[in-house]
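Inside the fold
Spelled out, the chains give:
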Amino acid sequence: LPPPYDVFRQLLDRLPASTDPPDVFDDVAVRSGDDSEAVQQRRQSLFTAVAGELRDLAAESPLVLVLEDIHLADSATTALLEYLIDEVGRWTYPILFLCTANTGELDGSHPVRRFTADTASNRVEQLDLDPLDRGEVRRLLRHVLDIDRVPPAVLDDICDHTGGNPLFVSEVCRDLAARLGPEPSPDDLLTHCAEFSLSATAERAVADRIHGLSPAD
């Protein structure tokens, strides 16, 4: 798991912030296991400093912050996110937090549930993304492979092995495109898919993509 506040450290590293808060992140993260009053005060100072940076940036231009996989966030990071959402609600400056999470990883006690459930205040809007259906998988295959027709047997196999998961489908499409080359025929696609395991391809393609990411990604 990433260290406490890591996602916000990366965000502020990429934004044109006027100060250099990563040192403060390090100091608070090292002391995060201590519940002393002094540490709590330092944590509050950190939260206030981060909010101030975002407020100053949003005063110049609308700000959209993308936080991926927040179901993996630790309690400290989640507490900072919740604090910032509360603060943004008090400002007139335009800031949007766009967060993604695997809801299957969020049990009832997960800290993210505290604010994702708060839709009544209009602070939070939750969009549930369903798996791709057969028609959407077909359109994606046709687009990525530049092919007019997808054999039903191939479509069935891809839907069965990926469960319509957009990431898995996309990576299988990319892998097929790399293997088949330009302008494959439906028969090429049918023959090729009969010769290898789609489930293994999905797992390998996703693993390769993750391995190729830099730490900041």
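Residues numbered from 1 in each chain as written. Predicted model: local features only at pLDDT ≥ 70, side-chain atom pairs only at ≥ 80, totals over all residues. Heavy atoms only, no water.

As for the nonpolar core
What counts is decided by this rule: In plain words, nonpolar cores are sets of buried Ala, Val, Leu, Ile, Met, Phe, Trp, Tyr and Cys residues tied together by side-chain atoms within 4.5 Å. We call a residue buried when its accessible area falls under 20% of the maximum for its residue type, exposed when it is over 50%, and partly exposed in between, using a 1.4 Å probe and counting protein chains only. Helix and strand assignments come from DSSP, with helices taken as H or I runs of at least 4 residues and strands as E runs of at least 2, each series counted from the N terminus. The contact rule is simple, with two residues in contact once any of their heavy atoms fall within 4.5 Å.
Ranked by size, the top nonpolar core spans 29 residues in total, and within it Leu-54, Leu-63, Leu-81, Leu-84, Ile-95 and Phe-97 carry the most contacts. At the level of secondary structure, the elements contributing two or more residues to this core comprise helix 1 (6-14), helix 3 (37-60), strand 1 (63-67), helix 4 (75-88), strand 2 (95-99) and helix 5 (112-116). In this structure, Leu-81 is in contact with Phe-8, Leu-67, Ile-70, Phe-97, Cys-99 and Phe-115, ignoring residues within four places of it in sequence. Listed in part, the 16 residues of the second largest apolar core include Leu-141, Val-154, Leu-176 and Cys-193.

Comments concerning the packing of aromatic side chains
The following threshold applies: Side-chain rings of Phe, Tyr and Trp, where Trp is taken by its six-membered ring, are said to pair if the distance between their centres is within 6.5 Å; with planes under 30 degrees apart they count as stacked, over 60 as edge-to-face, and otherwise as tilted.
For the structure shown, the criterion picks out two aromatic pairs. Centroid distance Tyr-5 to Phe-47: 6.2 Å. Interplanar angle 80 degrees. Geometry classified as edge-to-face. In this pair, Tyr-5 sits in the segment before helix 1 while Phe-47 sits in helix 3, placing the two residues 42 residues apart along the sequence. Like Phe-47, Tyr-5 is buried. Taken together, a centroid distance of 5.5 Å and an interplanar angle of 45 degrees make the contact between Phe-47 and Tyr-83 tilted. Within this pair, whereas Phe-47 is found in helix 3, its partner Tyr-83 is found in helix 4, the two being separated by 36 residues in sequence. With relative accessibility at 7%, the residue Phe-47 sits in the buried group. Through successive ring pairs, a cluster of aromatic residues spans Tyr-5, Phe-47 and Tyr-83.

Structural notes on the pairing of strand 1
Going by this rule: Criterion used throughout: strands pair if DSSP finds at least two bridges between them.
What you see with strand 1 is a clean split: Leu-63, Leu-65 and Leu-67 sit on the buried side and Val-64 and Val-66 on the side with no burial. One ladder, built from five bridges, connects strand 1 with strand 2; its direction is parallel. Its bridge partner being in strand 2, Leu-63 is matched across the sheet by Ile-95.

With respect to the environment of Glu-87
Along the chain, Glu-87 turns up in helix 4. Taking the relative accessible area as the measure of exposure, Glu-87 reaches 16% and is therefore buried. Along the sequence, Glu-87 and Thr-48 sit 39 residues apart, while their C-alpha atoms lie 9.3 Å from each other.

Focus: the packing of helix 8 (residues 166-180) against helix 9 (residues 186-193)
To keep things clear, this is the line we draw: Under this scheme, a helix contributes an axis fitted over its contacting stretch, all axes are lines through C-alpha atoms, and angles between N-to-C directions fall in the 0 to 180 degree range. Angle categories: roughly parallel below 35 degrees, roughly antiparallel above 145, roughly perpendicular from 65 to 115, and oblique for all the rest. Each residue is assigned to one of three groups, with Ala, Val, Leu, Ile, Met, Phe, Trp, Tyr, Cys and Pro labelled nonpolar, Asp, Glu, Lys and Arg labelled charged, and all others, Gly among them, labelled polar.
The interhelical angle for the contact between helix 8 and helix 9, taken along N-to-C directions, is 110 degrees, at an axis separation of 11 Å. The pairing of helix 8 with helix 9 is recorded here as roughly perpendicular in orientation. Along its contact with helix 8, which presents Leu-176, Arg-179 and Leu-180, the element helix 9 presents Asp-188, Leu-189, His-192 and Cys-193. Classifying every residue of the contact of helix 8 with helix 9 by side-chain character gives four nonpolar, one polar and two charged.

Quick look at the pattern of salt bridges
Condition: The salt bridge definition used is simple: a Lys or Arg side-chain nitrogen within 4 Å of an Asp or Glu carboxyl oxygen.
What the rule picks out here adds up to four salt bridges. Close ionic contact of Arg-90 with Glu-87 constitutes a salt bridge, the shortest N to O distance being 2.6 Å. With relative accessibility at 61%, the residue Arg-90 sits in the exposed group. Here Arg-179 makes a salt bridge to Asp-175, at a shortest N to O gap of 2.7 Å. One end of the pair, Arg-179, and the other, Asp-175, are both in helix 8, four residues apart, so they sit about a helical turn from each other. The partly exposed category is assigned to Arg-179, whose relative accessible area is 41%. On the accessibility criterion, Asp-175 (15% relative accessible area) is buried.

What to know about the environment of Leu-57
If you trace the backbone, Leu-57 turns up in helix 3. For the pair Leu-57 and Ile-95, spaced 38 residues apart in the sequence, the C-alpha separation amounts to 9.3 Å.

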